[in-house]
Each structure stands twice: as C-alpha cells, then as structure tokens.
Amino acid sequence: MLRGVSMVTAIRIVLLCVSIFWVSLEECAGKSDFSRNSSSSSASPPLLQRPSSVNIGALFTYDSFIGRAAKPAFKAAMDDVNADQTVLNGIKLNIVFQDSNCSGFIGTMGALQLMENKVVAAIGPQSSSIAHMISYVANELHVPLLSFAATDPTLSSLQYPYFLRTTQNDYFQMYAITDFISYSGWRQVIAIFVDDECGRNGVSVLGDALAKKRARISHKAAITPGADTNSIKDLLVSVNLMASRVYVVHVNPDSGLNVFSVAKSLGMMGSGYVWIATDWLPTALDSLAPVDTETMDLLQGVVAFRHYTTESSVKRKFMERWKSLRPKDGFNSYALYAYDSVWLVARALDVFFKGNNKVTFSKDPNLQKTNSSSIQLSALSVFKEGEKLLEIILGMNQTGVTGPIRFDSERNRVNPAYEVLNIEGTGPRRVGYWSNHSGLSVVAPETLYSKPPNTSTANQRLYGIIWPGEVTKPPRGWVFPNNGKPLKIAVPNRVSYKDYVSKDKNPPGVRGYCIDVFEAALELLPYPVPRNYILYGDGKKNPSYDHLINEVVADNFDVAVGDLTITTNRTRFVDFTQPFIESGLVVVAPVKEAKSSPWSFLKPFTIEMWAVTGAFFLLVGAIVWILEHRFNHEFRGPPRRQLITIFWFSFSTMFFSHRENTVSSLGRLVLIIWLFVVLIINSSYTASLTSILTVQQLTSRIEGIDSLITSNEPIGVQDGTFARNYLINELNISPHRIVPLRDEEHYLLALQLGPKAGGVAAIVDELPYIEVLLTNSNCKFRTVGQEFTRTGWGFAFQRDSPLAVDMSTAILQLSEEGELEKIHRKWLNYKHECSMQISNSENSQLSLKSFWGLFLICGITCFIALTVFFWRVFWQYQKLLPDTGDEERASEVTEQASRSGRGLRAPSFKELVKIVDKREAEIKEILKQKSSKKLKSSQSGAGSSHSQHNSEIP
C-alpha cells in the first residue's frame, strides 16, 4: 500500500513517456536474456512443443517494508519451483523483477516493460494506486495480474477481470474493525487515512459497515500522500477538538508510525483514547523486529489487525528457512503471500501445459492504429491463452504457507481471517481472532470452519485489552469537544402546565419537573457536561413539539429537554432516553350524576347471568322432583300439583324457604350443592346492588374514545402536542373536528360550554396533563373509558448520540434509588378530592364468567345423580320382567302381537314409565312378593317330583 498518483494523471504521463524509452525497448527486443516462449502470430506456430522456460513478472517497490520481505520470498519460490521435478516437468520458471520505486509513474512504466518481456502472468504491484493503472494494461493484453499486497476493495470489481489478489481484501478487514467497534459499544469513530485509492476506498467500506451496526464515521481525516510532520500535527490537533476518541488509522506501513509519534507529542496516547490500526502496523512492527523501546512506547494500548495465516508444518519450515535467506531483512506476512503467489502461478502453468495448451502472443489490432504516432504501443503483444490461464488460476485449490488457497466468485480468497493484536509492553499480544465465519473469537478460525456459521452478538469474545494509559476498562470513546462549545439544550417555552417545564428568571433560565429530572441525571454522569438552556417558542402559545424535534435533527440543538412524548415516528429521527414518566392519551368529558332507575335491581347481573341463573333454578327443581318423586309423598299428586311443586321448590330455594323436605340421598346431594351455589349468588347480588344504590353514579354522553370517534362533535386537544396528529392519522378523525386549546382555562371553558355553545364534547390529552386539569375542575369533569395509548416522556438527543445511552442509565438509577418519586412529589403532588374516572355500570355488572365454575360443579352433580337414579330404575325393571314359566305365555302374546302388526317396544316403555311413577315402597313390595312366589314354586316343584319318585318304587 504505497503512495500513488491519480489514475487520470498517470495515464497522461504514460502516453508521454512511452515514446522516451521506446528506442531502448527496440534495441533490447532482440537482445533479451530471457527465452522467447513463442513467436508472434505472423510466424508459423510451432507444434505442441513444451517451451524450455516461461516468464512471469514481479512488480513492487524494493526499498519498502513489503518489498524487502517480498523479494527474497520471490527468489526462494522460484528456486523451489525449478528444483521440484513434479511441477512444470522441466520447464524453467523465470521471474522478471521490476522496481516501482514507490512511484505511480515509474510503476506504470515498469509494468509496460514487464509486458514487453512476454510474461504470461504478473505478480504485483503492492500499491493499490498502481494496481488500478496496470489492470487496464492486463485487460488489454490478457495477462493475469496477481497482487500479493494491493488490498483496495474496489479492485475486485468487474472492471478488472484479469486482476485477482492472493492476499486478503480490505473489505473484510473493515468489517472486522466494525465488529470490534460494535463489540466495544462505540457509536462514532474518526477515520485517519492516506488520501489515495486504498485509503479512500477502505474508509468508504468502513462507513458502510458501521452504518449496518447503527454506528458511523463522525469525521474523515485525510492525510496527503507524503505529508510531513507539521501537516500530520495540524490534522491531529483538529481531530482532538472533536467529541469522538476512537481513531481508526488506515495508512502506509512505511510512514504510518509518524502518526503515532505526533499523537504522542500531543498527549493523545493517554487514558480515554482508542487507537485502532489496520494491518499496516503489524507489517511495520514485524519488519522492524526487534522493535526498539522508543517505538514501542509510542504504541502502548493500540489495537491492530494482522492477516491470519494458518499454522502448519509448511509454514514453520519456511520460517526456519527465512533466517538463512536474508537474515538482515525484516519478515512480515506479505512475504508469505509473495511466496504462495509464485507457487500458485507455477502450479496453474503446470495444469495449463498438461492440458495440451501452448503459449502464443499476437499483435493487438487496437494498438496497431498507433503506428503513425511516435508512441509505438503496437510493440506490446496480447497473450492469446491468457483467459485460459486465468480460468485455471481461479479454479486452483491448493495449500501454501498462508493456508488453503481458493477463490470465490468475486476473485477473493475464501475464509478471510485476521488476528486481533494489543500492543503492550515489548510487543504485540494476540487477544483473539476475526473471521467472516464466526466473527470475533478466542479460538483459531480453522477450528470453527467445521461448525455452522455464527456471528451473533452473544457469540463474540476477546481476551482482555490494556488500553492507552494502562487502563483495563474499555474507554467511553467520546468526550465533550475541547472547542469551547457547550451542549445546546432546547426547552419548550410553555404557556400551560408550567409545573412540568417553564421559563425562569433565575439561572439556568428554566425550571420545572422535567428540568429537575434532567439535572439530577446529569449529576450521576462520571464527567461534566457544559450546557446552555435555550427556550424554544414565542411564549404566546405552546410550540410545536414536532418542529422542536426537527430542530434537533437539523443540528440546531444537541438535545431537547421537556415533556416530549416518545412516539414511533419521532424515534426514526432522534434517540430518546429511557422514559422518566409514564404517559398515554385519555378522554375527558363533562359528567353528571346518574338518575335512579326503577329497574336498578336488575343491574347487578348481566342478561346472560340472569338467564343462566333462572335456567338452573328450573333445572335443579325438575331434577329434585325426579329424584324425590318415588320416595317423597310431597312430590306426588296430580300433574298440576306436581308442576306447581317444581316451580315453587325451585325458586323458594333462593331464599332458603322451601317447605318440602328431601328424603332420597341423591336428592339431598343435589340440594346441598345447589344451596351452596345460591348462597354465593345471593351474597354477590346483595353486595353489587348495595354498591349501585349507595355509591354516587356518574354518567357522561361520551363513554370513551370509540363513542367519540363515531360522533361528529368537536374534540379539544392541547396546542403543540402530538395528540392532534394521532387523532387524524391513526384514528381517521376529520381535522375540522379538532379544536386546539391554549391552556387549562381554555380547557375548562370549552368543556363547560359544550359543542352546542361553541365548546367541545370532550378533550383528548396525555394523562400527566389531565391529572393537573382535574385537580381544578371541582369534579365536573372526569376521564371516560380507558387509556388508549401507552407511551412515556423522554429527552431527545441527536441520532447515535452516546450521551443518550449514559443519560438512560442515569434515569434508571434515579428510578431505582427513588429520586424520581421525590422529584415527582416536589412538583406534582396533587390531591384529587374526587375520582378521576367515572365508573361504568356495565363494567361493574357481574357476568357469567365469574360464576361458571359454580354452575359447572352443580351441573356435574345433577348429571351423576340422574345417572345413578336411572340405573337403579332400569335394574328394578329387569327384576320385574316375567320368569321362564311366564316366558311361554309371553311368546304366545308376542306371536299374536306380530300378527296384528304391533310390537312390544311401546308396551315395554309404558311399563318402564309405570315403574318410574310407582312408589319405591310399592316396587320393593312387588319384588318381595315375586321373590316369595318364586321360592314357593320351586319348593312345590321339588315336592311333586319326590312323590312321583316314591310311587314308582315296587
């Protein structure tokens, strides 16, 4: 990631400079030390003969942290490839090196020189700015361009089909930083970056990623490429005056340490600051190892991200070999990516040649048109099989020193991962990992790939971090700016309900319940908050609270303090604190004492309750009659008398005055349960009727919000509140029915006048206001119906303001400690001499749902008693059937009945009814006689058989 000129400027310079070195290129064209792989298209193509050597290019800055590590890695890879007989099968791999010299212009020139050497692939550059330029050349000449260090996210676009990177894309690094910021709970950061393609595009991705987490970049501090110490100092001084203390540094490894050196001199590396560095810092530290103590002192508490490469035996062997390669050169992760890039191209070429492909170049027709110009671009040749080789590279699946090497559909390496480092003591300490598979974790990413992806917030974890100033607790991440601007607090200049908030002659210029809550919450914050209260409104009428919220959104105020209702629409634009008082819309209407009704005795029960109770009276009376009819003479007699008995017995139990005694056990069981039910019903009825007749009953034409909606009468609302918009937008009430009212006097006057005299039928307002209003209404007005919305009041801060979170915590603490209640009693300790809400007679009626359990018990008891009774009757009926001696006579009767077309079913049912109607004593007597007769018959039969036996004896 080096300095570079802009793309447009570089293109113009290229066109001017090609003509300068064209002559030298012509001279070197025939004297190249590198073997030609093939001739141009004008010559006859050779048969499928494998070339003796093949050229690839390497373009990077030699004298840089990345370049000094990459060059020995390139040479080691070339030697290893040529020494391995299983790769390329005898074809020698040549690397053509070109120094970009940390210059966009020279880098572009070097790229053209590489292409002149008929390279089949180019590795590099390390600068994203140069990569943008060279990608156009690679597209035109069909030469795959593999970069081991260019991390600009936009290089993966479809605009550069021949570009792919063997290192990680900064897109993933920015999401790793975003997850870390979200994990730490910060909402705003300042991005410090080099103003080139890599810096700008990386920070752009960071902003998009933060937006998904409801965070943002509050300021982008761009550093000019090659900026001196004074320029960096001026930039850091300006950002130090801002509120955010979280800095993300995305610069070049060769000059990035200057940022921390200046920050240290400005006192910005102490407690309260957060510094997050991208992979450039670990690259610099690894290259400088061992790092001197002075440099480490600059970086204490910094958090940095480093490319994670899988630990393997191949990597360990390479690290041991590195010491013998160039022990004086620093090592960093880009050396690993450079080494793997060479091997990736070599193995791809091996597959390419094994597929019976050959290397050929041809003239580009588009470049032939420049022959008439002094700029001879037509000398550059197109690699005809470049697209095939690119396809093979993208399809490769191998393992190198950096781990598995595979590419996804966007030409990025799969499974991107980073190490999270904390700079402390004498070097960096790893506190965790990040991968797009599992997010932040303390476990190595490769151990989690076999498990399902899980990037949930609850799954994120890191080891403890020591922050700047040797602090172990995560910094708050923001302070009040040091530019002398206090917090601008907007306070509504109310003309009504001034106990909540109003103007005051004494400092701070405002007073009221809301102001005391806000001040008490500020006192709990661990830092001072400079502030100025500014009245909003002309003082002649209540200001519009929606307009006040818009002023906060427009950055005219930092916060709005007052009786601000938290609504869904408002939360889309500002951040509210935790509610400090409950609220909700209610309806207030005139009331009058209800007139006594001659039918008041029916009010305790609902219609359903009366109907079910009456039905059970009759049902229980009928069941008791059935159970007592065979035992009790009081339940016998003519049908008319028995019917009267049923009705009399049923309803006399209501007063426990029934004169009939129950005899049967089943009848007594049913009666006991029923009398218990009657006792409960009587007691409830008496209590409810007493309340109706003795407690004052108030009534109103308006019964609640529903009856108010269906009417066509005017409705009063408080001027400036959200109630008007709610009635119109949510309840679809016509705007012409809404009457804005200024203060409490207008409220009372409008209600007294009524709709016919120019007043209103009812008022819709929030409950805290209504509590104050009804205190002075002499009980002439009450709330009707239920509270039909439930909201609260809070303080409105600008979107994503960190102060809103701290204030919410403070308000919760006030509530838990009872301070909110003390402030409430100080300002709003109203005593209501009359009930605020009128009682609804319908709601006070006793319904069936309060007694269905009793009726269920009674019904089950009746069912069991009837079942036992009829089972006994059926048993007796079976006993009364004719015996075997009578069955023959019965069969004759059956035959006669069948001839006449008559069955036995009707006579049998009549006999059953007769048995049911008979007295129990009569049934028992019949069964007794039948039993005696059966006994005698059996005895006489036995005697006659004995006499017959004796007569037969000679």
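One can find the structure itself at the top, above this paragraph.
Owing to the predicted nature of the structure, the values given are computational and were not obtained by experimental measurement.

Undergrad: Summarise the pattern of salt bridges; cite the residues concerned and give the values.
TA: The full count for this structure, using the stated rule, is 22 salt bridges. Arg742 serves as the salt-bridge partner of Asp743, at 3.0 Å between the closest nitrogen and oxygen. A relative accessible area of 34% places Arg742 in the partly exposed class. When salt bridges that share partners are traced, they join Arg187, Arg214, Asp575, Arg799 and Asp800 into one network.

Undergrad: How would you summarise the side chain of Arg411 if you had to cite specific residues and measurements?
TA: Following the sequence through the fold, Arg411 ends up in the loop between β14 (403–405) and β15 (417–424). Here Arg411 is buried and forms no salt bridge, its nearest opposite-charge partner Asp408 lying at an N-O distance of 8.0 Å. Of the polar contacts made by the side chain of Arg411, one reaches the backbone oxygen of Ser157; its length is 3.0 Å. Among the polar contacts made by the side chain of Arg411, one reaches the main-chain carbonyl oxygen of Phe163 at a distance of 2.7 Å. Among all residues touching Arg411, those that are not within four sequence positions of it are Leu155, Ser156, Ser157, Tyr160, Pro161, Phe163, Leu164, Arg165 and Leu394.

Undergrad: Give me the lowdown on helix α9 (residues 280–288), citing residues and values where you can.
TA: When you tally the buried positions in α9, you get seven out of nine residues, the bulk of the element. Those residues of α9 lying buried are Trp280, Leu281, Pro282, Thr283, Ala284, Leu285 and Ser287.

Undergrad: Which residues make up helix α11 (residues 313–325), and what are the values?
TA: The first and last C-alpha atoms of α11 sit 18 Å apart over 13 residues, in line with the 18 Å expected at 1.5 Å per residue. Along α11, the positions that sit buried rather than exposed are Lys315, Phe318 and Trp322. The buried side chains of α11 occupy one side of the element, clustering within an arc of 55° when seen end-on. In this structure, α11 carries Lys317, Glu320, Lys323 and Ser324 as exposed residues pointing more than 90 degrees from its buried face. Summarising the contacts, the buried residues of α11 are in contact with α2 (65–83) and α12 (333–354).

Undergrad: How would you sum up the state of the cysteines? Please name residues and give values.
TA: Scanning the model with the defined rule gives zero disulfides in all. Note on Cys862: no disulfide assigned, nearest cysteine sulfur contributed by Cys858 at a separation of 4.3 Å.

Undergrad: Please provide a residue-by-residue account of the nonpolar core, values included.
TA: Among the nonpolar cores identified, the biggest contains 78 residues, and Ile56, Phe74, Leu93, Val120, Phe148 and Leu349 are the most heavily contacted of them. For this core, the leading source of residues is α12, giving 15 residues. The residues contacting Leu93, other than those within four sequence positions of it, are Val54, Ile56, Met78, Val81, Asn82, Leu88, Val342, Ala346 and Leu349. Core analysis: the second largest hydrophobic core is formed by 53 residues, Leu522, Ile763, Trp793 and Leu803 among them.

Procedures and definitions
- Residues numbered from 1 in each chain as written.
- Predicted model: local features only at pLDDT ≥ 70, side-chain atom pairs only at ≥ 80, totals over all residues.
- Heavy atoms only, no water.
- Salt bridge = Lys/Arg side-chain N within 4 Å of Asp/Glu carboxyl O.
- Buried < 20%, exposed > 50% of the residue type's maximum accessible area, 1.4 Å probe, protein only.
- Helix = DSSP H or I, 4+ residues; strand = E, 2+ residues; numbered from the N terminus.
- Lys, Arg positive; Asp, Glu negative; His and termini not counted.
- Polar contact = N/O pair within 3.5 Å; in protein donor to acceptor, adjacent residues only side chain to side chain.
- Contact = heavy atoms within 4.5 Å.
- Expected span 1.5 Å × (residues − 1).
- Arc of directions from axis to C-beta.
- Disulfide = S-S within 2.5 Å.
- Core = buried A, V, L, I, M, F, W, Y, C linked by side-chain atoms within 4.5 Å.

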